[in-house]
Each structure stands twice: as structure tokens, then as C-alpha cells.
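Here is what each chain is made of, one letter per residue.
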Amino acid sequence: MPKITMNINGRETSTEVENRTLLSTALRENLYLTGTHIGCDTSQCGACVVHVNGKAVKSCSVFAAELDGATVDTIEGQANADGSLNVIQQAFQDHHGLQCGFCTPGMVMSAAELLKVNPKPSEAEIRDYLEGNICRCTGYQGIVNAIMAASGQDVPSIAAE
């Protein structure tokens, strides 16, 4: 099996993987980074989104062996240095952007990339950007509100909140 080395959440990490091992599997089973969830294994749900070399990627659609030398950021690396929630994670908590939590890691990672490329997205832009992420619990409004809050924008008042 090939040995690969990646910079994961700021730390150089090596592991052996079969050529057919998906990044999501390598993260969870080889490196015990279980925050990256596997919801569909077909690149449909977005629960497995991580950042590879600064871009959001569905980790169930990439072979780990192809990423030797890559930089990978996962949900485990998103907290602040002191361990507190980062602004996006805190906004998800404050604005009810999660319920069961299964989709949350992928949503947070997607939101981080969105806010990097578009620091003040509109509600429509947020919804469009999250099209590849499925949530079966929240109805999305809390997620949209969380991302708007994380971007520093006013969150619309919603009767359900």
C-alpha cells in the first residue's frame, strides 16, 4: 500500500492507504478524524465536505492516494486556537443551524469556503451555494441565518426563532 503524507489541520500526517481508499474513509478509519461524516458515498449529500488545498471538496469523491503532499482541513481544525468555536460554528449554535448535527460539519466547511470567496453573501447566494449540501432536519432557514450572522450581516427576523 502506498504511504501518503498530508498536512491535515496544520499538522503533517502520514498513513498507508490502498489506491481505492476514499479520502473520507482515510480520514475516519486511518486517522480517526470522525467529524467528516459519510452520508451517501455518492457525492450527493455534502456531509463529507473538507478543504483540499483551500477548496471545498466532497471527500467521498476523492482518492486519498491522489493527495500525497496536499493540505487538508477538516471540521476538527475549525475551532479557534483556544478550542472555542469559530465564528461560523458559533453562529450555527446561536441561530439554530443544526438539529441532529449529521450534516453540520459539511455545512460549516462549505460555509467557510463561501465566506472566503464572498464575504457578504445574500440569502439567495447562500442557498445557491449550499445546493450540494442536504439537511433533513432544519428546513435550511437556520443554516442560512447562521451564515448571514457569521458574515456580520443582520439576520432577518423569523417567527420560528
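Residues numbered from 1 in each chain as written. Predicted model: local features only at pLDDT ≥ 70, side-chain atom pairs only at ≥ 80, totals over all residues. Heavy atoms only, no water.

**Here's the deal with the overall build of the protein chain**
- Across its full length, the protein chain holds five helices and five strands.
- Counting from the amino terminus, the protein chain carries its helices and strands in the arrangement β-β-α-β-β-β-α-α-α-α.
- Taking 2.2 N^0.38 as the reference for a compact globule, 161 residues should give roughly 15 Å; the C-alpha atoms of the protein chain span a radius of gyration of 16 Å, in line with that estimate.
- For the protein chain, the spread of C-alpha atoms along the principal axes amounts to about 55 × 30 × 25 Å.
- Taking all 161 residues of the protein chain together, 44% fall into the buried category.
- Counting every atom, the protein chain has about 8200 Å² of accessible surface; 47% of that belongs to carbon and sulfur.
- The distance from the centre of the 10 positive side-chain charges to the centre of the 18 negative ones in the protein chain is 2 Å. (Helix = DSSP H or I, 4+ residues; strand = E, 2+ residues; numbered from the N terminus. Rg over C-alpha atoms; globule rule 2.2 N^0.38 Å. Buried < 20%, exposed > 50% of the residue type's maximum accessible area, 1.4 Å probe, protein only. Areas by Shrake-Rupley, 256 points an atom, 1.4 Å probe, with all protein chains shown as cover. Lys, Arg positive; Asp, Glu negative; His and termini not counted. Charge placed at Lys NZ, Arg CZ, Asp CG, Glu CD.)

**Let's talk about the pattern of salt bridges**
- By the definition in use, this model includes two salt bridges.
- We note a salt bridge from E18 to R20, for which the minimum N-O separation is 2.7 Å. (Salt bridge = Lys/Arg side-chain N within 4 Å of Asp/Glu carboxyl O.)

**Overview of the side chain of N133**
- Take N133: it is sitting in the loop between α4 (123–129) and α5 (141–150).
- Setting aside residues no more than four positions away along its own chain, N133 makes contact with C45, G46, V49, G106, M107, S110 and Y140. (Contact = heavy atoms within 4.5 Å.)

**Focus on the environment of A26**
- Mapped onto the secondary structure, A26 falls in helix α1 (residues 23–30).
- Distance in space between the C-alpha atoms of A26 and K3 is 12 Å, their sequence separation being 23 residues.

**Focus: the domain arrangement of the protein chain**
- Domain annotation of the protein chain identifies domain 1 (3–76) and domain 2 (87–152).
- The centre of domain 1, based on its C-alpha atoms, is set 21 Å off from the matching centre of domain 2.
- Listed by partner, the interface residues are 18 residues for domain 1 and 14 residues for domain 2.
- Both sides together, the interface formed by domain 1 and domain 2 hides about 1200 Å², and carbon and sulfur atoms give 59% of it.
- Of all residues in domain 1, H37, H51 and I75 bury the most surface against domain 2, accounting for 37% of the area lost on that side.
- Between the two partners, domain 1 and domain 2, sit zero salt bridges. (Domains from an automatic or database assignment. Buried area = accessible area lost by both parts, 1.4 Å probe.)

**Some thoughts on helix α3 (residues 104–117)**
- The first and last C-alpha atoms of α3 sit 20 Å apart over 14 residues, in line with the 20 Å expected at 1.5 Å per residue.
- For α3, the tally of buried residues reaches twelve of 14 residues, placing the bulk of the element in the interior.
- All buried positions along α3 are accounted for by T104, P105, G106, M107, V108, M109, S110, A111, A112, E113, L114 and L115.
- In this structure, the buried residues of α3 make contact with β3 (49–52), β4 (55–58), β5 (71–73), α2 (87–94), α4 and α5. (Expected span 1.5 Å × (residues − 1).)

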